[in-house]
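Commentary on secondary and tertiary structure
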Amino acid sequence: MPKILVIEDDELIRENILELLDAEEFEAVGAENGNIGVKLATQNQPDLILCDVMMPELDGYGVLAALRSQPLTATIPFIFLTARADKSDTRKGMELGADDYIPKPCTAEELLNAIAIRLKKQAIINQQAEIKLDELRRNITRSLPHELRTPLNGILGFTEMLISEYDYLEPSEIQEIVERIRASGKRLDRLIVNFLIYAELELLAANPQQVKILRNTLVSSAEAVIGEQTLQQARQEKREADLQLDLKDFAVPMAAVWLNKAVEELTSNAFKFSEPGTPVSIQTSVENNRFMLSVSNKGRGMTPEQIAKLGAYMQFERKIYEQQGSGLGLSIVKQIAKLHSGELKIESIPNQETTVFLFIPL
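Here goes a summary of the coordinates provided. Going along each chain's sequence as written, the residues are numbered from 1 onward. Only residues with pLDDT of at least 70 get local features here, since the model is predicted, and only at 80 or more are side-chain atom pairs given and counted; chain-wide, interface and lining totals rely on the full set of residues. Each side-chain value is derived from all of the structure's non-hydrogen atoms; neither hydrogens nor water enter the calculation.

This part covers the overall build of the chain. Looking only at helices and strands, one finds eleven helices and ten strands in the chain. Each residue is placed in one exposure class: buried if its accessible area under a 1.4 Å probe, protein chains only, is under 20% of its type's maximum, exposed if it is over 50%, and partly exposed if it falls in between. Per-residue burial for the chain yields a buried fraction of 45% across its 362 residues. Considering only residue pairs separated by 6 or more positions, the chain has 68% of its internal contacts joining residues 24 or more positions apart. Here the accessible surface of atoms and residues is derived via Shrake-Rupley with a 1.4 Å probe, and residues count as covered only by protein chains that are part of the display. Counting every atom, the chain has about 19300 Å² of accessible surface; 53% of that belongs to carbon and sulfur. In DSSP terms, a helix is any run of H or I states spanning at least four residues, a strand is any run of E spanning at least two, and both are numbered starting from the N terminus. Contacts are assigned to residue pairs with any non-hydrogen atoms lying within 4.5 Å of each other.

With that out of the way, let us pick up the sheet that holds strand β8 (residues 290–297). By definition, the strands of a sheet pair up through backbone hydrogen bonds, in either a parallel or an antiparallel sense. By this definition, two strands are paired if DSSP reports at least two bridges between them. Pairing is mixed in the open sheet, where five strands are placed in the order β6-β7-β8-β10-β9. Where the open sheet ends on each side, the last strands, each with one partner, are β6 (243–246) and β9 (343–349). Mean inter-strand twist for the sheet, computed between neighbouring axes without regard to direction, equals 15 degrees. One ladder, built from seven bridges, connects β9 with strand β10 (residues 353–361); its direction is antiparallel. When the sheet's bridge partners are listed, Ile-346 is paired in β10 with Val-356. Axis lines are fitted through C-alpha atoms, for helices just across the contact stretch, and the angle between N-to-C directions can take any value from 0 to 180 degrees. Lying on the sheet, helix α11 (residues 329–339) is in contact with β9 and β10; it crosses β9 at an angle near 140 degrees.

Turning next to the pairing of β10. Of all nine residues in β10, seven are buried; the element is thus mostly enclosed. Bridging between β8 and β10 involves eight bridges; their strand directions are antiparallel. Bridging across to β10, Met-292 finds its partner in Phe-359. Linking two consecutive strands that pair antiparallel, namely β9 and β10, is a turn of three residues; a positive phi of about 65 degrees is found at Asn-351 within it.

This next bit is on the pattern of salt bridges. Every case where a carboxyl oxygen of Asp or Glu lies within 4 Å of a side-chain nitrogen of Lys or Arg is listed as a salt bridge. Across all of its chains, the model carries 13 salt bridges by this definition. One network of salt bridges, in which partners are shared, links Arg-190, Lys-261, Glu-264 and Glu-265.

Think of a patch as exposed residues, more than 30% relative accessible area, with no salt bridge, where like charges cluster within 9 Å and nonpolar side chains (Val, Leu, Ile, Met, Phe, Trp, Tyr) cluster within 5 Å. Residues scored as positive are Lys and Arg, those scored as negative are Asp and Glu, and His as well as the terminal groups of each chain are ignored. We put the charge of a Lys on NZ, of an Arg on CZ, of an Asp on CG and of a Glu on CD. On the surface, Asp-9, Asp-10, Glu-11, Glu-15, Glu-19, Asp-22 and Glu-32 cluster together into a negatively charged patch. Structurally, Asp-10 can be placed in the loop between β1 (3–7) and α1 (11–23).

Below, the discussion takes up the packing of aromatic side chains. Working definition: rings of Phe, Tyr and Trp (its six-membered ring) pair if their centres are within 6.5 Å, and the pair is stacked with planes under 30 degrees apart, edge-to-face with planes over 60 apart, and tilted otherwise. Scanning the model with the defined rule gives five aromatic pairs in all. Measuring from ring centre to ring centre gives 5.2 Å for Phe-80 and Tyr-101, while their planes differ by 45 degrees; the resulting arrangement is tilted. In this pair, Phe-80 sits in strand β4 (residues 78–82) while Tyr-101 sits in strand β5 (residues 100–103), placing the two residues 21 residues apart along the sequence. By relative accessible area, Phe-80 is classed as buried at 0%. Consider the rings of Phe-357 and Phe-359, whose centres lie 6.0 Å apart with planes at 15 degrees: the pair is stacked. Taking the relative accessible area as the measure of exposure, Phe-359 reaches 7% and is therefore buried. What links up through ring pairs into an aromatic cluster is the set Tyr-61, Phe-78, Phe-80 and Tyr-101.

Here we take up the packing of helix α6 (residues 171–205) against helix α9 (residues 256–272). Packing of α6 against α9 brings their axes to within 13 Å, and their N-to-C directions diverge by 130 degrees. Between α6 and α9, the interaxial angle falls into the category oblique. Of the two possible hands of crossing, α6 and α9 adopt the one that is left-handed. Counting all contacts with α6, which are made through Arg-190, Asn-194, Ile-197, Glu-200, Leu-201 and Leu-204, the residues of α9 involved are Trp-258, Lys-261, Glu-264, Glu-265 and Ser-268. By residue class, the composition of the contact of α6 with α9 is four nonpolar, two polar and five charged. For this classification, under 35 degrees means roughly parallel, over 145 means roughly antiparallel, 65 to 115 means roughly perpendicular, and everything else is oblique. Here a crossing is called left-handed whenever its near helix is offset anticlockwise from the far helix by less than a right angle, and right-handed whenever the offset is clockwise. Residues were grouped as follows: Ala, Val, Leu, Ile, Met, Phe, Trp, Tyr, Cys and Pro as nonpolar; Asp, Glu, Lys and Arg as charged; and all remaining residues, including Gly, as polar.

Buried residues of nine kinds, namely Ala, Val, Leu, Ile, Met, Phe, Trp, Tyr and Cys, make up a nonpolar core once their side-chain atoms join them within 4.5 Å. Formed by 43 residues in total, the largest nonpolar core has its most connected members in Leu-201, Ile-226, Trp-258, Leu-266, Ile-282, Leu-293 and Leu-358. For this core, the element with the most residues is α9, which contributes seven residues. Ignoring anything within four residues of it in the chain, the contact list for Leu-266 reads Leu-293, Val-295, Leu-330, Val-333, Leu-344, Val-356 and Leu-358. With 19 residues, the next largest nonpolar core counts Leu-5, Ala-41, Val-53 and Phe-78 among its residues.

The following block contains the structure:
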């Protein structure tokens, strides 16, 4: 039985709506002002909220802003009941995240139809989110045990060697073993972090309100973020001399954390799959009102078939090449681009050159 919260300061209107909803077998709860409505919404987690616009103390816009700012209530379908329905009022409510407007007075049929449409839409969103979560669970179940075991075996194997052979090892050999343990530990840490990030991105994609907030975030200086992250990756690989930067400064509609992650994965892959002494080129530009980041390397590349099959937990040529990680890097960048209305494009000539393009609309 869907639960509906009615926030309305006019007692007669509120009671009439509650009676109608009770008759239609909804679980209906009433609030006589905005402050009480916010409290009840937080406590009861209704499936839908009907809210008057003009109310004392806290009006409908204040209620909506308060609820959209809280994770527990941010995605609850929200319908305004209003005697004022001009374009400026409607636009203000929609910008805050309202799902619909119902003018007062309205018929019972109009009210129930609006409720039915919003509940159906939310059910579809929830169903899609559950499908994505099920797919994510299956992929993790298939891939995670093996991917965790590889670096973990390195840690355990080298640790056992250190313990059993310690008295016979030279200091230089001990240092080498410790460094290998550290490298395996870092690989394991990065793998776990990327699995968690990919799961977070999947959840974000299933939350329209969070996606909207994400797209309204701005990086004021893309050059600073990209320059710092690419240099960090080059230092980690001891390939500073191979790094070629051609960066122009732009403001980009992305959260800095996601731009930073995209650059990290693209640059890391470029170094990982190319030989020391070959260039890794990073460029930025604006084309057709889109920010473009390109990362090129002279490594082994990918075939068109491999590019077409690109997805999370997908690895290519595992029997030939040792893969560092689970192949999540490009899938993470692809999802970041999608969340920002952008796209990821790969152009590759196997064993010659590969360029990965990240496009974000401005």
